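# Secondary and tertiary structure notes
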Amino acid sequence: MRAVKIFGQLVAYLRGLARRRQINRELEDEIRFHLDQQIEVNVRRGMSPAEARRMAQLDFGGVAQTREAVREVRAIWLDSILRDVQVAIRMLRKQRAFTLTVAATLAVCLGANAVLFAIVDHVLLRPLSIPASDRVVITGNRYPRAGVDSGYSTSAADYVDRLRDTDVFEEQALFKVGNRSVDEHGVPTRVPSMSVTPSFFRLARVAPTLGRTFADDEIEPGRETKAVLSFGLWQSQFGADPGAVGRDLRIDGRPYTIVGVMPKEFALVAPDVTLWTPLTLTPAEKSTHYNDVWGYLARLKNGSSIDQAQAQIDAVNRANLQRFPQFARVISDMGFHTVVEPLQDSLVKDVRPTLHLMWGGALFVLLIGCLNVANLVIARSRTRTRELATRLALGAGRARIARQLITESLVLAVGSAAAGLIVGRIGLRALGSLNLEDLPRGADIQFDASTVVFTLAAGAIIGVILGAWPALAAVPTAPTTLLNQEQRSTSSGSGARRLRRSLVVAQVAFAFVLLVGAGLLFSSFRRVLAIDPGFQSDHVLTASVALPASRYREQPAAGRFAGEVLTRLRALPAVAKAGATDTIPFGSNHTNSLILPEGYQAKAGESMISPGRIVASSEYFETMRVRLIAGRLFDDRDVESAPGVAIVDETLAARFWPGTSPIGRRLYRPDDPNNLARITPTTTTFTVVGVIASMKLETLADTRAGAGAYYFPLAQQPERMLTFAVRTEGTPATLSHAVRAAIQSVDPELPVFDVQPMDRWTAKSLASRRAAMLLSLIFSAVALFLAAVGIYGVLAYAVAHRRKEIGIRLAVGASARVVFAMIMREGAVVIAVGVGLGAIGVSGLQRALQSQLFGTAVTDPVVLAIMTGLLASVAASACAVPAWRASRIDPRVALSD
Amino acid sequence: MAKTDLLQGTLDLLILKILTLGPNHGWGISIRIRQISEEGLNASQGSLYPALHRLELRGDVESEMTPSENNRRARVYRLTRAGRRRLETENATWEQFVLSVGRILRAE
């Protein structure tokens, strides 16, 4: 309440302050004008100037007094606002139950909306913190018929071609996100980094805080050992020392010269990047098409549209197909095309439906809350009618009374909104466990000025509506009507009762829609959890390393490293099995690569496919407990010098060798574009030794008919990006230190990251689904509670109102049971109509929920039945209290009232 | 609020009446008051300006600072629709009052 008081005083004070100086100056002018006019008249009457002035002042009756009197009038007016607020606060304090109920309801509802507004505002509306970010586009090469239908990657050759053949872009840039190892106070640390063309920073239109960005010639080999630091890295590594520019930083063991530091808020594409280095391209890379391992950004020229950009890039692609006829057929069979999208859209596309859904839920809750408050206000305005009528009869202006009523509800609603901001702040912190930081700019979601303005404005709008309603209803009526009406209140007010009942029906309907929505999301989530991922994630601990190319240039070195680490891991007590892979399920490292079965005959129109290419060590599948379907798993036979072998999953096996056993068959990577089926002496082939169950790799709920995956032994195809997995006997997390130590005992300079149980990877991949489900459950629980309160309120009022009638019924012999049933029936009608209307609303959920549901239809009968039952039983319990009270009315007491 | 003391109420009424003739500034209004009441009713300037400001805050008149000649700025008041309505009702009340007072005096 204190806060409300202070807020009201503040508003009045600021208004007065803002205008005070102007009012005073104008008042001086007005008085001077009057005196001057009078002096002129006096002079014309023949007085001397001095005499004229004296007489004028005398006539005016004291300049100072007049000035003071006018100021007092103004002050009283300002004061009256303050007084209104004070009166409002006094009224609200007197009706503590009403005030607290309304404030709590609005605070919770507005708090929820504040949180969702902050998230939507940051993530969807302002996902990029660079100037004119809507002009920046990203492109992605897609080969849908080969299983590559997502992602935003481009070949370096595309970049070179586009620089030459397009004219819609002001700036184009190529980048590659990766990780570099940096010495942090002697400890090797893996930091997210990005190699970029010098045009990247010009495209961003962000200048460095310190130093410079890259010069155009710093992509030349030999000059590329330059680095631009993020603000964060500059602070943590150099204590924000301006002298850092020009110094050296060891990156992956090589010295790089620091040339600049970017501003704190700078982030483009990958928000966590702390280090930028120049991107160097070899001549071979510059001329190889369809090798899509880079990211490409461009800024549209003013006046150019994204459609023009798409057209020009399509033209470049067509020209390339003509330039390389040997690829044309294969590439077009794969459905090759390039998508051009605004960068903002590409960042938020995946989360947009989830966020809209959550915000929709929050708005529903707010709506239900407002209906509840409206209900309370109507109930209260009935009791206040007498007070208003009396004031009207005593001569208070109608506008004055309306102003008082609106001030009262404004103070209440805006005060609640302020409390809602606090509730929201706490809620936002609690949401931290929902992995908001995985959203674009998710890490800096906070309540800023726009959230505060949004929330207070929403409170003010609600306040004006809630205040204006009874004011309009009560004020135009003549006082006598109001006073008379109050006296005969037993028969009047049926209109208000009907209105209140309709509000409760609407509440029940909205609550039902929310409940069904939450139920569907919950049921989908359970179904997703029940999906067999193809492996067992319990009791598995993972740890990742990225071997720096500088020290592990030769592939065998990486293989030897992995072998040595695995030996040490297996020697640890409590470790049952240990393996390694480059593609841990639900991790971020995924490679698709073209492969064909021996004897492949291209059928007309059939595309070649690009299945997942995964490297796994011996014992990896045993560690993950992947089911072996045929043949064998990798073991110690599959060394570097042994013949190349591969394992395929059942999806790929069914595609390449339908109906026959793949064991002993050979896979090859085509190297003659003119004849794909030809195996030359230089073609490497791999003999299939085993078939395993398909593993879910990107998400559990991946419903896309993936192309499957094939696996190579780590010893034969070593990779520098490795994740070790160990199956533990006890709780996986207890082995974190031992595993980390084992890896670092092989290479002490190597940063080890993502040391976490496998379950954590699964949980992370489900984060946004879980967040949507949990939030919708919270929202629907609040909605259910509010609806129950609404029903209770209406019935309790009805019972109090019909006390005498019920007393008569009981007196003439109605049993308590009959009275109980009568009131319950009244509630049942409200619930039934509400659920019926809600069912119509549920059909509208179809579109909103489609993308979020998994294996559950919007019309899922189980969910509908459970939610109807839940709503009905909670609502019935809310009815039971007033019904029971009605049945216990003592006729003697009721009739003697 | 409507029940203000008689003198002030009369002054308000006079101001509104004068403004029906057209927008005017405070000095002009004071001259008019003197003319209308033939110098008999000497409304003090000290109460004229507070009355004007009060009427403005109540919404019966509105005002505007106009740059006038010789760098003199005058505040010009103008009757609002609310003011016109008030004038009508107050006029009726005034007549009622005069009538009742007359009746009481005659009844003596």
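The residue numbers shown here count from 1 along each chain, following its written sequence. Chain letters and ligand numbers both follow the written order, the letters beginning at A and the numbers at 1. The predicted origin of the model limits local features to residues at a pLDDT of at least 70 and limits the giving and counting of side-chain atom pairs to 80 or more, whereas totals for whole chains, interfaces and linings rest on all residues.

Counting its regular elements, chain B contains four helices and three strands. For chain B, the succession of helices and strands along the chain, N to C, is α-β-α-α-β-β-α. Comment: burial labels come from other C-beta atoms within 10 Å of the residue's own C-beta, placed from the backbone, where a count of 20 or more is buried, 12 or fewer is exposed, and between is partly exposed. In chain B, which comprises 108 residues, the proportion classed as buried is 27%. Sequence-distant contacts, at least 24 apart, represent 48% of the contacts inside chain B between residues at least 6 apart. We count a stretch as a helix when DSSP gives it H or I for four or more residues in a row; a strand needs E for two or more, and each element gets its number in order from the N terminus. Contact between two residues is assigned whenever their backbone-derived C-beta positions fall within 7 Å.

As a further point, take the nonpolar core. Residues and elements named next belong to chain A. By size, the foremost hydrophobic cluster in this structure holds 103 residues, and its most contacted members are V508, A511 and A783. With 17 residues, the top contributor of residues to this core is helix α16 (residues 494-529). Aside from chain neighbours lying at most four places away, what touches V508 is A787, V830, I831, G834, V835, G838 and A875. Of all hydrophobic cores here, the second largest spans 62 residues; its members include A546, A578, A580 and V689. Under the definition applied here, buried Ala, Val, Leu, Ile, Met, Phe, Trp, Tyr and Cys residues are grouped into a nonpolar core through C-beta atoms within 7 Å.

Attention now moves to the pairing of strand β12 (residues 575-581) of chain A. Residue and element names in this part refer to chain A. A large share of β12 lies buried, amounting to six of its seven residues. Two elements, β12 and strand β20 (residues 721-728), share six bridges in a ladder whose sense is antiparallel. Within β20, the position partnered with K577 by the bridge is R727. Note: two strands are recorded as paired if DSSP finds a minimum of 2 bridges between them.

Right, let's talk about the packing of helix α17 (residues 555-571) of chain A against helix α20 (residues 736-746) of chain A for a bit. Residue and element names in this part refer to chain A. Only C-alpha atoms enter the line fits that serve as axes; for helices the fit covers just the stretch in contact. Angles between N-to-C directions range over 0 to 180 degrees. Where α17 contacts α20, the two axes come as close as 9 Å, and the packing angle between them is 140 degrees. It follows that α17 is oblique to α20 by the angle criterion. Classified by chirality, the crossing of α20 by α17 is right-handed. Contacts between α17 and α20 involve F561, E564, V565, R568 and L569 on the former and, on the latter, V739, A742, I743, S745 and V746. Split by residue class, the contact of α17 with α20 holds seven nonpolar, one polar and two charged. Orientation labels follow simple angle bins: below 35 degrees gives roughly parallel, above 145 gives roughly antiparallel, 65 to 115 gives roughly perpendicular, and whatever is left gives oblique. Rotating anticlockwise by less than a right angle from the far helix to the near helix defines a left-handed crossing, while the corresponding clockwise rotation defines a right-handed one. Under the scheme applied, nonpolar residues are Ala, Val, Leu, Ile, Met, Phe, Trp, Tyr, Cys and Pro; charged residues are Asp, Glu, Lys and Arg; polar residues are all the others, including Gly.

Residues and elements named next belong to chain A. In the Ramachandran plot, Y290 falls in the positive-phi region, its phi being about 60 degrees despite a non-glycine side chain. With respect to the helices, strands and loops of the structure, Y290 is situated in the loop between α8 (283-287) and β9 (295-300). By C-beta crowding, Y290 is classed as partly exposed, having 17 other C-beta atoms within 10 Å. Here D754, not a glycine, exhibits a phi torsion of approximately 50 degrees, which is positive.

Residue and element names in this part refer to chain B. Reading across the sheet, the three strands line up as β1-β3-β2 and stay open at both edges, with antiparallel pairing between neighbours. The outermost strands of the open sheet, each flanked by one partner alone, are β1 (24-25) and β2 (61-67). Pairing between β1 and strand β3 (residues 73-79): two bridges, direction antiparallel. Residue pairing in the sheet places H25 in a bridge with V76 of β3.

Residue and element names in this part refer to chain A. Relative to each other, helix α5 (residues 156-165) and helix α9 (residues 306-323) sit at 115 degrees, their axes nearing to 10 Å. For α5 against α9, the interelement crossing comes out right-handed. Residues D161, R162 and D165 of α5 pack against I313, V316 and N320 of α9.

A separate point is the pairing of strand β18 (residues 685-692) of chain A. All names here are of chain A. β18 sits mainly inside the fold: six of its eight residues count as buried. For strand β15 (residues 628-631) and β18, the ladder comprises three bridges, and the chain directions are antiparallel. Bridged to L628 within β18 is I692. Sheet analysis places strand β16 (residues 645-649) next to β18, joined by five bridges and oriented parallel. Along β18, the bridge assignment pairs V648 with V691.

How far a helix is expected to stretch is found by multiplying one less than its residue total by 1.5 Å. Between its terminal C-alpha atoms helix α4 (residues 96-125) of chain A stretches 40 Å, which fits the 44 Å expected from 30 residues at 1.5 Å a residue. The buried fraction of α4(A) amounts to 21 of the 30 residues, a majority that puts the element mostly inside the structure.

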